[in-house]
Amino acid sequence: MIRFGRGHRLRHARLQVILAVAAIATAVALPVVLVSVGGGVSAHELAMLQNAGYQIVVSAAGLHGIAHAHPLTEQILSLPSVAAASPVLSIAIDSFPAGPGATPVLAEGVIPVGFGPTLGPEESGLFPLPLPLGDPTDAVHFDNGSYRGPATYDVLVSSPFAEATRVTTGGHLLLGLTNEVSGAISYNVTGTFGVPPTVLGPVGAFAVLVPLSDLQVMTGFANAPHVPVPDAADTVEVAVVPSATSNPEVISSLRDRVQSLVPYYGVSSLSQEATQLQSATAVLTGFYLALSSVGLSVGLVFLTLVLLRRVESERRSIGIRRAIGEPGGSIAAAVVVDGVVIASLGAVVGIAAGYLVVEGLATWAHSTVQEAARLAEFVPLTLTELAGGVVGLSLVAGALAARSALRIDLAEALR
Amino acid sequence: MKEPHAPTLELLGVTRTFDPGEADEVRALRGVDLTVAPGEFASLEGPSGCGKTTLLNLVGLLDAPTSGEVRWDGRSLGGRKDRERARLRLEGVGFIFQRFYLLPALTARENVELPMRALGVPRGDRQARASDLLSEVGLSGRERAFPHQLSGGEEQRVAVARALANRPGLLLADEPTGELDRVNTEGILTLLEKVRADRGATLLLVTHNPSVARRAHRHLTLEDGRVTADVREA
């Protein structure tokens with residue numbers, strides 16, 4: 001076992017052990033940070049997927065790639081087992097809450113009656129339902145692909161935005177596609193909604209919710225009478241009836257039917273996305289560990305060198321022990337135990353250091369990094385496996401040093 | 001723990017050559033024939049490099065002969081595995097070295113406990129026996145001292161106590177007084193004579209010093225790897 005006495009040589013040995021512990025700790029801390037933060041973010045995303053109120057999502061490549069969003073939604077709603085369908089169009093626009101100065105916001109255009117049922121249990125509590133956004137079906141100023149108007153110009157604003165800009169329910173808010181206030185349209189603020197925790201940070205919390213066709217109109221096309229505008233959306237989220245939510249076969253069958261309606265768009269079920277996310281997480285975790293294995297290898301090479309150096313510096317002591325009659329196995333075991341103790345110390349210190357780094361990032365880092373660090377998950381099994389792996393590899397280092405100890409020529413060591 | 005048994009030592013045509021066939025080949029022993037009876041006190045004398053320590057190492061199973069045989073009680077020790085040789089050393093041999101060779105990180109008592117620990121003696125028993133042995137060599141009260149806190153004479157006394165820990169029948173001392181002053185030399189020799197007599201152990205002592213050698217009952221002289229004189233006192 002590691003035992004230090006006095007004197008310069010022993011102080012030197014102590015320094016070597018401390019450095020070896022530090023090397024292994026550094027090598028362990030890196031995967032602890034990467035795996036805990038990466039795993040935490042993935043778990044958060046997975047939880048959001050699993051808690052979503054919709055089970056199928058239609059998406060298309062390109063900016064606002066879904067055309068004919070309203071009729072497509074009607075078609076999907078006519079399919080069996082569909083409870084709700086909600087096209088969503090997301091565009092960054094400008095708002096003018098106090099004079100000509102523009103404040104960017106994320107605008108989401110939705111069909112009010114379809115949006116509510118596609119929210120998950122956590123999200124639905126954040127919105128005033130039914131959404132106070134004029135015509136619930138968004139059909140007043142949209143009919144057969146033509147805008148008839150007039151728009152209601154109702155808007156819901158996120159509570160962080162409302163607090164920051166002092167916009168209140170019952171007031172008005174100018175919204176426009178550009179930062180020119182002259183082109184902005186006045187909207188009636190009919191309420192606020194909460195924002196769920198997000199890794200995007202406070203910037204993502206500045207959002208407004210408007211009827212889908214209002215947002216489409218704001219793109220400018222509808223200002224020209226009788227000119228069809230692209231009935232665009234980014235996604236159409238589809239919720240199934242409650243009896244089918246936990247039935248993978250029904251969801252899979254429905255996904256196929258939606259796909260047959262829009263063979264040129266991507267249609268995926270959340271369970272597919274969850275599986276893909278889990279696969280991606282597993283790949284990333286493997287990548288993190290592979291990356292960390294470089295550091296671990298360096299740490300273990302260092303440990304091997306330290307153990308070999310200790311055997312060399314303890315050559316005479318080992319010779320004395322063997323001369324006395326101590327079995328070689330006992331001496332080899334002591335060397336291996338030294339290696340395991342150093343590696344275990346390094347693993348424990350590394351895990352603690354990794355934890356402190358993540359805590360530090362969660363406290364002092366800014367925006368996205370801080371949010372990601374706050375989502376970190378320290379899974380005891382993963383940490384135990386990591387420490388076990390390090391200790392296991394230290395056995396190899398110990399075995400190499402023990403082999404060297406057993407090869408010491410007794411007569412020479414005692415000369 | 002078993003009672004001490006002093007074996008009959010026999011060396012039959014023993015040679016030891018280091019780096020055979022190399023340019024720097026050293027023929028340390030060149031056909032040594034020797035028998036040492038149980039309980040004998042023999043000194044090994046001779047000039048530096050004549051093979052005294054090599055012979056002691058062969059008798060004590062720290063080394064193996066290039067040719068010839070080393071026997072204990074008529075049993076050949078050639079071809080034994082390391083583990084078996086270690087066990088024979090542990091139970092049967094007590095080594096005392098010129099430079100004491102105490103482990104610096106262990107206290108005096110822990111150094112004495114070492115052979116007993118290797119033998120599996122329970123902690124309480126070995127602590128008690130180590131304290132008794134230290135008391136016997138005149139170091140009562142110094143159990144917790146580290147080697148660097150002891151004088152040369154005290155260190156060698158600890159080494160003697162360690163050599164006696166497992167009640168060996170064979171004591172091998174390689175220049176045990178080589179680094180001690182006259183007073184300490186006298187003390188160590190008296191101690192060795194006493195423990196040999198008390199335990200009936202065989203004592204083989206390597207020395208350069210004629211006054212030390214005179215304390216032995218048999219005087220072996222080695223020159224150039226051969227025993228050139230073997231004198232028994234009347």
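Parameters and conventions
The residue numbering used here restarts from 1 in each chain and proceeds along that chain's sequence as written. Chain labels run from A onward and ligand labels from 1 onward, assigned in the order the entries are written. Under the rules for a predicted model, residues below a pLDDT of 70 receive no local features and side-chain atom pairs below 80 are neither given nor counted, while totals for whole chains, interfaces and linings still include all residues. Derived side-chain values reflect all non-hydrogen atoms in the structure, with water molecules and hydrogen atoms excluded from consideration. Any two residues whose heavy atoms approach within 4.5 Å are treated as being in contact. The buried area of a pairing is the accessible area, by a 1.4 Å probe, that goes missing from both parts when the two are put together, added over both. By definition here, a salt bridge exists when the distance from a side-chain nitrogen of Lys or Arg to a carboxyl oxygen of Asp or Glu is within 4 Å. The term polar contact refers here to a pair of N or O atoms within 3.5 Å; inside protein, the definition further demands a hydrogen-donor-capable atom paired with an acceptor-capable atom, and it admits residues adjacent in sequence only when both atoms are side-chain atoms. Buried means the residue's accessible area, taken with a 1.4 Å probe over protein chains only, is under 20% of the maximum for its type, while exposed means over 50%, and partly exposed covers the values in between. In this description a helix means any DSSP run of H or I spanning at least four residues, a strand means any run of E spanning at least two, and both kinds are numbered starting from the N terminus. A pair of Phe, Tyr and Trp rings is counted when the ring centres sit within 6.5 Å of each other, with Trp represented by its six-membered ring. The angle between the planes then sorts it: under 30 degrees is stacked, over 60 is edge-to-face, the rest tilted. Reported domain spans reflect what an automatic or database domain assignment gives. Note on pairing: DSSP must find at least two bridges between two strands before they are called paired. As a rule, the C-alpha atoms of each element are fitted with a line to give its axis, helices using only the stretch in contact, and angles between N-to-C directions run from 0 to 180 degrees.

Here we come to the interface of chain A and chain B. Counting from both sides, the interface comprises 18 residues of chain A and, opposite them, 22 residues of chain B. Together chain A and chain B conceal approximately 1,900 Å² of surface at their shared face, both sides included; 61% is due to carbon and sulfur atoms. For the pair chain A and chain B, the interface holds zero salt bridges. Here chain A is connected to chain B by three residue pairs in polar contact (both at pLDDT 80 or more).

As enumerated under the stated definition, the model contains 22 salt bridges over all chains in all. Across the pair Asp256(A) and Arg255(A) runs a salt bridge whose closest N-O atoms are separated by 3.0 Å.

Quick look at helix H1 (residues 52-59) of chain B now. Residues spaced three or four apart along an α-helix point in a common direction, a consequence of the helix completing one turn every 3.6 residues. Residues and elements named next belong to chain B. In terms of burial, H1 is a largely internal element, seven of the eight residues being buried. Regarding H1, the residues found buried are Lys 52, Thr 54, Leu 55, Leu 56, Asn 57, Leu 58 and Val 59. Just downstream of H1 lies Leu 61, where phi reads positive at about 65 degrees.

This part covers the packing of aromatic side chains. Per the stated rule, a full pass over the model turns up eight aromatic pairs over all chains. The interplanar angle of 50 degrees and the centroid separation of 5.0 Å between the aromatic rings of Phe97(B) and Tyr101(B) together place this pair among those described as tilted. Both residues of the pair, Phe97(B) and Tyr101(B), count as buried. Every member of this aromatic cluster is reached through a ring pair, and the members are Phe115(A), Phe127(A) and Phe193(A).

Much of the literature gives interface size as the accessible area that the parts lose upon coming together. Here chain A is described as being made up of domain 1 (8-47 + 276-413) and domain 2 (61-264). Taken over C-alpha atoms, the centre of domain 1 of chain A sits 52 Å from the centre of domain 2 of chain A.

What follows covers the sheet that holds strand S3 (residues 41-45) of chain B. All names here are of chain B. Strand order in this open sheet of six strands is S6-S7-S8-S3-S9-S10, and the pairing throughout is mixed. Edge positions in the sheet fall to strand S6 (93-96) and strand S10 (226-232), since each of these pairs with one other strand and no more. Each adjacent strand pair in this sheet contributes to an overall mean axis angle of 15 degrees, direction not counted. Pairing between S6 and strand S7 (residues 170-174): four bridges, direction parallel. Among the inter-strand pairings, Val 93 is bridged to a residue of S7, identified as Leu 170.

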